[in-house]
Amino acid sequence: MRQLLLLLPIVAASQAVVIRLHDSGLRAAANFTRQWLHMAMPQFVLPSFKQEFSTSFATGRMAVTNLSVRRFVSPLIRFRPTDHSVMYMSTMSGYAQVTADWSVDSQVLSMLRIPLDGQIQAQMTGLISEIAMQITPDNSVEMHHCVAQIRDLRLSLSGSMAAEVLHWFRNSLTRAIRKQLEQEYCDTMRVHWIPWVSEQLAQFPTNITISQKPSVVLTESPESVAMTSQFVEFRLRSDLIWDGHLVESTPQRNKTVMEIDSVSKTQRMVDIFVDEETVQSSIAAAHFADHLKTTIESPFLDTQCDVLCLGTVVPELARVLPNKTLTINAKTLSPPIIALTPDKALVFLNASLDVNPQPKTDGIPDSLLTVNVETEFALKVEVNKQKVKGNLHMLNAQATLVDSKVGLISQQTVDFLVSMSTPFLEDAVDMWVGRYLVDAPDFPTTNEILTIHRGFLRYEVDLNIPQLMNRLV
């Protein structure tokens, strides 16, 4: 409960993460939809229907059943967002082979004692359609309207002599089947595809585990979906759940949505923006969960060496622990404070450094030295193949000797220990950014670019389309 109370002032409850799809991202969504159609359409059996016919010598009714798509080549697809929050999906081209069974109910033809059933083979070329979609208040997708037109449909009937009679009114039969296929396309998109899109959106909230013990989870849940003629934007809310308890706070005024409009348009498929408050909240949660700590090991921590190591800087250690290797246990004493500025982050850190013998030695205290460090540094990050690297530039550092079991320690020794904290800081940065930003999104990415701006992080990525397609299998 104490950790919950400490977290309250710094947890942001706002549109903390923004995901934008620009032109290339919308093209990727179109290709993904084409693949879905290619796999889905042949699996559907279309409704049966009946068609009246009349010729100079016979009248009756033909029933068309088992209407199904045997082969389907998806049309070209284009998504077009608008400023009035309606997304249009248009199609053109495409090809399909359709089969069906036919049977005839005719008193005259039945007198001829010939089979009155057979098969229909149809080839469809060119599907011109437009589907208008809009986002509902609960962030699902609904179809506003759908119009579809098959440019060319050719039929071939076989099975008996009655098929030759039916060819007399092939045009009317073609029109009936075309109308059925056009209607079924719109129904399929409304009944199957729209729910599939909503299901993809419903994959949020995305839970990012900050700690197992205690259980600390950063939850990203959909707040709203917005769009302009240039992009589609998903705005997510960040919340912390600590041991099953939602950490609530007063919503802070969110500036991310305003600030990101000032950046240049990305050439990647997806643009992800994470605001400063979410970064601060996650780091604070990691601190209170006791996860911002590490053990530093280095040859410089030997008590005996030829050139420079801790033993030459602190002769007292060399006398007490000759030919030993020491370790530094480093951990934060309070949540690090971060300010995101153009191209870099400014970080203030208060940490404790404990020098310990390794392995433990009888008669030697577990903690030989304890130094508290207050440091301010500038941080730059880069990502390559989903691996994050942080580069630090120390701006200011002050160290205080808290305890010593080896007698008097000079300020030179204390300053040396402060210099040893840099690897700890870099490791912490690599861990946090890599774990909570790069590894967290639930989709495969490539060509990543990570940059720091005033008030937010920007993560530009392309989607790994082959891996995404595997999810449809």
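About the thresholds
- Residues numbered from 1 in each chain as written.
- Predicted model: local features only at pLDDT ≥ 70, side-chain atom pairs only at ≥ 80, totals over all residues.
- Heavy atoms only, no water.
- Helix = DSSP H or I, 4+ residues; strand = E, 2+ residues; numbered from the N terminus.
- Buried < 20%, exposed > 50% of the residue type's maximum accessible area, 1.4 Å probe, protein only.
- Lys, Arg positive; Asp, Glu negative; His and termini not counted.
- Salt bridge = Lys/Arg side-chain N within 4 Å of Asp/Glu carboxyl O.
- Polar contact = N/O pair within 3.5 Å; in protein donor to acceptor, adjacent residues only side chain to side chain.
- Contact = heavy atoms within 4.5 Å.
- Patch = residues over 30% accessible without salt bridge, like charges linked within 9 Å, V, L, I, M, F, W, Y side chains within 5 Å.
- Areas by Shrake-Rupley, 256 points an atom, 1.4 Å probe, with all protein chains shown as cover.
- Expected span 1.5 Å × (residues − 1).
- Bend = angle between axes of the 7 residues up to and from the residue.
- Axes fitted to C-alpha atoms, helices over the stretch in contact; angles between N-to-C directions.
- Parallel < 35°, antiparallel > 145°, perpendicular 65-115°, else oblique.
- Left-handed = near helix turned anticlockwise from the far one by under 90°.
- Nonpolar A, V, L, I, M, F, W, Y, C, P; charged D, E, K, R; others polar.
- Pairing = 2+ DSSP bridges.

### Quick look at the side chain of E182
Relative to the elements of secondary structure, E182 occurs in helix α5 (residues 170-201). Buried charge without a partner: E182 forms no salt bridge, and the closest opposite charge is R178, 4.4 Å away. Looking at E182, its side chain comes within polar contact range of the main-chain nitrogen of I150, at 2.8 Å. Contacts of E182, omitting those with residues within four sequence positions, involve A148, Q149 and I150.

### Topic: a nonpolar patch on the surface
Taken together, the side chains of L76, M92 and I128 present a nonpolar region at the surface, about 270 Å² in accessible area. Here I128 lies in strand β8 (residues 117-135). Given the relative accessible area of 32%, I128 is considered partly exposed.

### Quick look at α5
For α5, with 32 residues, the first-to-last C-alpha span of 45 Å sits near the 46 Å given by 1.5 Å per residue. Along α5, the largest kink reaches about 35° and is centred on M189.

### Comments concerning the packing of helix α2 (residues 23-40) against α5
Helix packing geometry: the angle between the two helix axes and the distance between the axes. One can describe the packing of α2 onto α5 by two numbers: an axis separation of 12 Å at closest approach and a directional angle of 135°. Here α2 lies oblique to α5, going by the angle between them. For α2 against α5, the interelement crossing comes out right-handed. Contact with α2, carried on its side by F32, T33, W36 and L37, involves M189, H192, W193 and W196 of α5 and no other residues of that element. The class makeup of the residues in the contact of α2 with α5 is 6 nonpolar, 2 polar and no charged.

### Some points on the pairing of strand β12 (residues 232-242)
For β12, a buried count of 9 out of 11 residues is recorded, marking the element as mostly surrounded by other parts of the structure. Here strand β11 (residues 216-227) runs beside β12; their pairing, made up of 11 bridges, is antiparallel. Bridging from a neighbouring strand, E220 pairs with S238 of β12. Turn length for the β11-β12 hairpin, with the two strands adjacent in sequence and antiparallel, is 4 residues. With 3 bridges connecting them, β12 and strand β13 (residues 245-247) associate as antiparallel partners. Considered in β13, the bridge of L240 is made with V247. Hairpin remark: β12 followed by β13, antiparallel, with 2 residues in the connecting loop; positive phi at D243, about 50°.

### Details of helix α7 (residues 276-288)
In a regular helix each residue adds 1.5 Å, so 13 residues correspond to 18 Å; α7 covers 18 Å between its end C-alpha atoms and thus fits that length. Burial runs high along α7: 11 of the 13 residues are buried. For α7, the complete set of buried residues consists of T278, V279, Q280, S281, S282, I283, A284, A285, A286, H287 and F288. Just downstream of α7 lies D290, where phi reads positive at about 65°.

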